[in-house]
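# Overview (structure and organization)
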Amino acid sequence: MSARVLVGVKRVIDYAVKIRVKPDHTGVVTDGVKHSMNPFCEIAVEEAVRLKEKKLVKEIVAVSCGPQQVQETIRTALAMGADRGIHVEVSGKDYETLGPLQVSKIMAALAKKEEADLIILGKQAIDDDCNQTGQMTAALLDWPQGTFASELTLEGGKLKVVREVDGGLETIMINMPAVVTADLRLNTPRYATLPNIMKAKKKKIANVKPADLGVDVTSRLEVLNVDEPAQRLAGVKVETVEDLVGKLKESGRI
Amino acid sequence: MAAAMALVRGVRLGTYNIGRSHSLIFNSVQRRGISACIDPSIGLSDEQKEFQKVAFDFAANEMAPHMAEWDQKEIFPVDAMKKAAQLGFGGIYVNPDVGGSGLSRLDTSIIFEALSTGCVSTTAYISIHNMCAWMIDTFGNKEQREKYCPDLCSMQKFASYCLTEPGSGSDAASLSTSAKLQGDHYILNGTKAFISGGGDTDVYVVMCRTGVKGPKGISCLVVEKETPGLSFGKKEKKVGWNSQPTRAVIFEDCAVPVTNRLGAEGEGFSIAMKGLNGGRINIASCSLGAAHASVLLARDHMCVRKQFGETLSNSQFLQFKLAEMATKLVASRLLVRHAALALQDGRPDAVSLCSMAKLFATDECFSICNQALQIHGGYGYLKDYAVQQYVRDIRVHQILEGTNEVMRMIIARSLLSES
C-alpha cells in the first residue's frame, strides 16, 4: 500500500508542570518551563507507526507548527518511527495567537501538497483543550473524519473507526482519504529506543512557512484575560433540612 | 487537563514494542526535574535530551511504582530490566556490532542518572551489568564478543563482576582465587564476596590469579553459571540495594576453558580497573539521580507541611538547607559529567577525575538524601515515603567500586607522582 500518513504533533507544556498565570494575565508562563509532545499526539504517532509496521502505510510525515523549539517535538516523533518531518515556521506574536483554525488550514494545505491519504491527530491539546483541529481539517478538505478513535482498522480500503462517545462506543466506516483523531485508549505509545533516537538524527526535517502554503495565520480571536480558577471556598455545615433548603434558596440555587 | 493522563492504564506489551503505563503515581513526586536551576537537561544536546527523556519516562512508569515493593520483597526485577534492555539500556556503551547502543560515557551517565530516580538499586545493577558487557566487548576476542555480548545487551543473560574476596577488598591486587592451567582449562579455587547479582546471573567476569603475586599475576576469566564447581553462598541481607541479590561466589575445582580468558594472562587487573573507571562514573550517576529525586521530595514536603502556623518553606533555615542541597547536587553533577567526558576522550587525567567524581558525588549526594530525610521529619523515617529508600540505597555507593578512601589514594598518588 502506498499510503502516506500525516501526523500532527504539538509542543505543549509538560503535563507534570504546575501551571502559572503570567502577571499581566495575557496567558500562562512558558519561558523556561519544561515542554514535551502533547500526550494525544504521542498516541497519534504510535498509531501511525503501528500502521506502518503492519505494512498498511508506506510513509509517516510528522508535522509541527511553531518556532525553532518544535523541532525537538518532531525529533521525538522521528525517534518513535516517523520517516520525515515538516516544521512549519510560526514565531513571535503569530505563534502566541496560533489556534486550530490556522493549524487546520496548514494541515489541509500540506495534505494536498504531500498527497496524504490519512491524517492522524491527537483529539485535543492539553494546553488549550480545543478539540477542533481534526474536525476543521476534515471540513476544509471535505474528507470524512473519525474522531475520538479508540480503535482503528483498515478494512478493504476503508477505515473502521471505533469512537468513544458519551453513550459508549460507536463504530463507523469511512472512506480514505480521512482525518482521524486519537483518544486516550487508542494505544499505549512506545518508548523511543536508544538506537531509534540516533537514527532519528539522520532523518530530514523540511522547513516551510505558512505563506508558502498560502495560509494566513492571523487570528480571528483575541484573548482578553487569563485567570487562575477561583479558589475553592470552604463549605458550610447546616443543622436541619429546612436550613439546607433555606440556604439553597438564599444563594439562588433553587 | 492533567486529569486525562491520570487514568490508570495497564501495560500493554503488544507484538510491536514496549508500551508504557500511564499510571498515576500516588504519593511520590513526578520525578521529571522541572525545577529550573537543578534541571539535569541543562547544557545537553538535543539528542542527549531525548535519551534522558526516555530514561526519565521509563523510570517514572516502569520502576518508580515498584521501587518500594522490590526493596521490601527483595525482588530481582528481571522483567523490568529486560524491558530496559529492549530500549537499548543493556549495553549502553557497548559496540553496536554486537548489539550495544554505542553511546558515549556522558550519554551513559545521563541515562543512569535519570533511571536512578526510579530505583537506585536496580539502576546500579544495570550499570554493573553494562560494565561487564563493556569489558567483554573491549577486551574479548571476536569469538568471545560474539558469544556473550548480544545476549548481555538484550539481557537474555545477566552478568556479575567478581573482584572482591573475603580477604581482599581495597587491597584488590592481593586477591587469592587461583586459576591453575591444566591442559586447555584453568582450574579455579577460591571465593568471591559481595557479588552483585551472584547466584541469579548467568555470566561471571572473574579476576583470578594465574601467575605471580600482585596485579601482574591476575587474569580475567568469563565463567558461565552452570559450570561444575561453581556454587554460591547465602543471599546476604542488606540495608539497601535489595532489588539485587548479593552472594558469595565459590569456586571448587571449577574448570573454565582457556578460551574464556579475556585478554592475555596478567592483564586481568588492568582490565578490572579500566572497567571500574566507567563503573565509578555510573555509580556516581546513580547517586546523582537519587539526590535529585530527594531534593524534589524535600522541596514538595516543605511546601505542604505546616508547623508554627506556616509551611516549612517559610523557614529561612530550611530554605538555606535546600539551597545548599541544590548547590551540592549541581556541583556533583558537573564533576561527574566532566569525568565522563575525560574518560570518553581518553584524557590522561581521566582515572583521577573518575575517582574524584565518585568520591565527591557519592559523599555529597548521600548528604543531600540524608538531609532530605531530615526535612521530612518523622515521616522521613517511614517506609511509606521514598526518601528513606534513596538514603539506604546510595549509602553503599561510598563503599563499593572502590571505597571513597581508595579514591583518595588514587588522587593523592596522581598528585604526588608528578613531583
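Because the structure is a prediction, the values reported are computed rather than measured.

## Examining the overall build of chain B
Helix and strand content of chain B: 12 helices and 10 strands. For 419 residues, the compact-globule estimate of 2.2 N^0.38 gives 22 Å, and chain B sits close to it at 22 Å. Taking the principal axes of the C-alpha coordinates as reference, chain B spans close to 75 × 60 × 40 Å. Per-residue burial over chain B gives 58% buried out of 419 residues.

## Describing the overall build of chain A
Tallying secondary structure elements over chain A gives 7 helices and 11 strands in all. Out of the 254 residues in chain A, the part that is buried amounts to 48%. Accessible surface, chain A: about 13,100 Å² in total, of which carbon and sulfur atoms supply 51%.

## Things to note about the environment of A149 of chain A
Residue and element names in this part refer to chain A. With respect to the helices and strands, the residue A149 is situated in strand β7 (residues 145-155). On the basis of relative accessible area, A149 is assigned to the buried category, the value being 0%. Put simply, A149 and V165 are 16 residues apart on the chain and 9.4 Å apart in space, counted from C-alpha to C-alpha. When near neighbours in sequence (up to four residues on either side) are disregarded, A149 contacts V161, V162, V180, T181, A182, D183 and L186.

## A short note on the UniProt feature "active site" (unreviewed entry) in chain B
All names here are of chain B. As recorded in UniProt, the feature "active site" (unreviewed entry) lies at E401. By the element assignment, E401 lies in the loop between α11 (387-395) and α12 (404-416). Once you skip the residues sitting within four places of it in the chain, E401 turns out to touch I128, M131, L276, G279, R280, I283, K358 and M407.

## A few points about helix α7 (residues 241-250) of chain A
For an α-helix the count is 3.6 residues per turn, leaving residues at separations of three or four pointing the same way. By the N-cap criterion, in which a side-chain oxygen at the helix start approaches the backbone nitrogen of a residue two or three places on, α7 of chain A is capped by T240 of chain A, the distance to E242 of chain A being 3.4 Å. Just downstream of α7 of chain A, G252 of chain A is the residue with a positive phi angle, here 75°.

## As for the sheet that holds strand β6 (residues 118-122) of chain A
Residues and elements named next belong to chain A. Read across the open sheet, the 9 strands follow the order β9-β8-β7-β10-β6-β1-β4-β5-β11; overall the sheet is mixed. Here the strands that pair on one side only, and so sit at the sheet edges, are β9 (168-175) and β11 (205-208). Each neighbouring strand pair of the sheet contributes to a mean axis angle of 30°, computed without reference to strand direction. Where β6 and strand β10 (residues 178-182) come together, 5 bridges link them in parallel fashion. The residue of β10 that forms the bridge with I119 is V179.

## So, the UniProt feature "domain: Acyl-CoA dehydrogenase/oxidase C-terminal" (unreviewed entry) in chain B
Look at the UniProt record and you will see "domain: Acyl-CoA dehydrogenase/oxidase C-terminal" (unreviewed entry) annotated at residues 266-416 of chain B. Here residues 266-416 of chain B runs as 75% helix and 3% strand, with 27 Å between its end C-alpha atoms.

## Details of the confidence of the model for chain B
Residues and elements named next belong to chain B. Overall, the prediction assigns chain B a mean pLDDT of 92, with 91% of residues at 70 or greater. Predicted confidence is poor over residues 1-33, with pLDDT under 50, and the contacts of this stretch with residues over four places away or in other chains come to 86 contacts. Across the interface, the model reports ipTM at 0.83; the global pTM reads 0.87.

## A look at the packing of aromatic side chains
Residues and elements named next belong to chain B. What the rule picks out here adds up to 9 aromatic pairs over all chains. Ring geometry for F58 versus F89: centroids 6.2 Å apart, planes at 75°, classification edge-to-face. Taken together, the residues span a long stretch of sequence, with F58 in helix α2 (residues 46-63) and F89 in helix α4 (residues 78-89) at a distance of 31 residues. Accessibility expressed as a relative area gives 1% for F58, which makes it buried.

## Considerations on the pairing of strand β2 (residues 178-182) of chain B
All names here are of chain B. Alignment of β2 against strand β3 (residues 185-196), held across 5 bridges, turns out to be antiparallel. Bridge assignment links Q182 to a residue of β3, and that residue is H185. Taking the residues that link successive antiparallel strands as the turn, the β2-β3 hairpin has 2 residues, and the phi of G183 there is positive, at about 70°.

## Re the packing of helix α4 (residues 100-114) of chain A against helix α5 (residues 133-141) of chain A
Packed helices, taken two at a time, are described by the angle their axes make and the gap between the axes. Residue and element names in this part refer to chain A. The geometry of α4 relative to α5 is characterised by a closest axis approach of 8 Å and an angle of 50° between their N-to-C directions. The orientation of α4 relative to α5 falls into the category oblique. Crossing handedness for the pair α4 and α5: right-handed. Note on element contacts: α5 touches α4 through T133, M136, T137, L140 and L141, opposite P100, L101, V103, S104, K105, M107, A108, A111 and K112. Partitioning the contact of α4 with α5 into residue classes produces 9 nonpolar, 3 polar and 2 charged.

## Points about the pairing of β3 of chain B
Note: β3 of chain B against strand β7 (residues 246-257) of chain B, 9 bridges, orientation antiparallel. Residue pairing across strands places G190 of chain B opposite F251 of chain B, the latter belonging to β7 of chain B.

## Observations concerning the state of the cysteines
Residues and elements named next belong to chain B. Using the criterion set out here, one finds 0 disulfides over all chains in the structure. Free cysteine: C132, not disulfide-bonded; nearest cysteine sulfur from C162 at 7.6 Å. Take C365: it sits in no disulfide, and the sulfur closest to it among the cysteines is that of C369, at 6.6 Å. Judged by its relative accessible area of 0%, C365 falls in the buried class.

## Examining unusual backbone geometry
Residue and element names in this part refer to chain A. In this model, M176 is joined to P177 through a cis peptide bond whose omega is -5°. Here P177 lies in the loop between β9 and β10. Here D129, not a glycine, exhibits a phi torsion of approximately 55°, which is positive. When you line up the elements, D129 lands in the loop between β6 and α5.

## As for a nonpolar patch on the surface
Residues and elements named next belong to chain A. A surface patch of nonpolar side chains, amounting to about 590 Å² of accessible area, comprises V236, V238, V241, L244, V245, L248 and I254. Its location among the elements puts V236 in the loop between β11 and α7. Since its relative accessible area comes to 63%, V236 is described here as exposed.

## Quick word on the side chain of H301 of chain B
Topologically, H301 of chain B is positioned in helix α8 (residues 268-304). With sequence-adjacent residues up to four places away left out, H301 of chain B is seen in contact with L312, I375, H376 and Y379 of chain B.

## Description of the pattern of salt bridges
Residues and elements named next belong to chain A. Counted under the stated rule, the structure contains 38 salt bridges over all chains. Across the salt bridge formed by K10 and D128, the nearest N and O atoms sit 3.1 Å from each other. Taken together, the residues K10 in the loop between β1 (4-8) and β2 (11-13) and D128 in the loop between β6 and α5 connect sequence positions 118 residues apart. Its relative accessible area of 34% is what places D128 among the partly exposed residues. Between R190 and E53 there is a salt bridge whose closest N-O contact spans 2.8 Å. Pair noted here: R190 is in the loop between β10 and α6 (194-200) and E53 is in helix α1 (residues 39-53), with a separation of 137 residues, a long-range link.

So, how was this worked out
- Within any chain, residue numbers begin from 1 and follow the written order of that chain's sequence.
- As they are written, the chains are lettered A onward and the ligands numbered 1 onward, keeping that order.
- Thresholds applied to this predicted model are a pLDDT of at least 70 for local features of residues and 80 or more for the giving and counting of side-chain atom pairs; totals over whole chains, interfaces and linings are not thresholded and use all residues.
- Note: side-chain values were computed over all heavy atoms of the structure, leaving out hydrogens and water.
- Runs of E in the DSSP output that reach at least two residues are strands. Runs of H or I that reach at least four are helices, and both are numbered from the N terminus.
- Using C-alpha atoms as the atom set, the radius of gyration is obtained and then compared with a globule rule of 2.2 Å times the number of residues to the power 0.38.
- Burial classification: accessible surface area is computed with a 1.4 Å probe over protein chains only, and a residue below 20% of its type maximum counts as buried, one above 50% as exposed, and the rest as partly exposed.
- Here the open area of atoms and residues is found with the Shrake-Rupley method and a 1.4 Å probe, where only the protein chains shown may cover a residue.
- Here, two residues are considered to be in contact whenever any of their heavy atoms come within 4.5 Å of each other.
- UniProt positions are given in the numbering used here, feature names are shortened, and annotations may be inferred rather than shown by experiment.
- Throughout this description, a polar contact denotes any pair of N or O atoms lying within 3.5 Å of each other; where both atoms belong to protein, one of them has to be capable of donating a hydrogen while the other can accept it, and for residues adjacent in sequence the pair is counted only when both atoms sit in side chains.
- Any two strands are treated as partners once DSSP identifies two or more bridges connecting them.
- To get an axis, fit a line to the C-alpha atoms, keeping to the stretch in contact for a helix; angles then go from 0 to 180 degrees between the N-to-C directions.
- Values of pLDDT, the confidence the predictor places in each residue, fall between 0 and 100.
- Whether two aromatic rings pair depends on their centres lying within 6.5 Å, for rings of Phe, Tyr and Trp, where Trp uses its six-membered ring; planes under 30 degrees apart make the pair stacked, over 60 edge-to-face, and the rest tilted.
- For classification purposes, an angle smaller than 35 degrees is called roughly parallel, one larger than 145 roughly antiparallel, one from 65 to 115 roughly perpendicular, and anything else oblique.
- The hand of a helix crossing depends on one turn: near helix anticlockwise from the far one by less than a right angle means left-handed, and clockwise means right-handed.
- For this scheme, ten residues count as nonpolar: Ala, Val, Leu, Ile, Met, Phe, Trp, Tyr, Cys and Pro. Four count as charged, namely Asp, Glu, Lys and Arg, and the remainder, Gly too, count as polar.
- Any two cysteine sulfur atoms lying within 2.5 Å of each other are counted as a disulfide.
- Here a patch means residues that are over 30% exposed by relative accessible area and free of salt bridges, tied together within 9 Å if like-charged and within 5 Å if nonpolar (Val, Leu, Ile, Met, Phe, Trp, Tyr).
- Counted as salt bridges are all cases of a side-chain nitrogen of Lys or Arg within 4 Å of a carboxyl oxygen of Asp or Glu.

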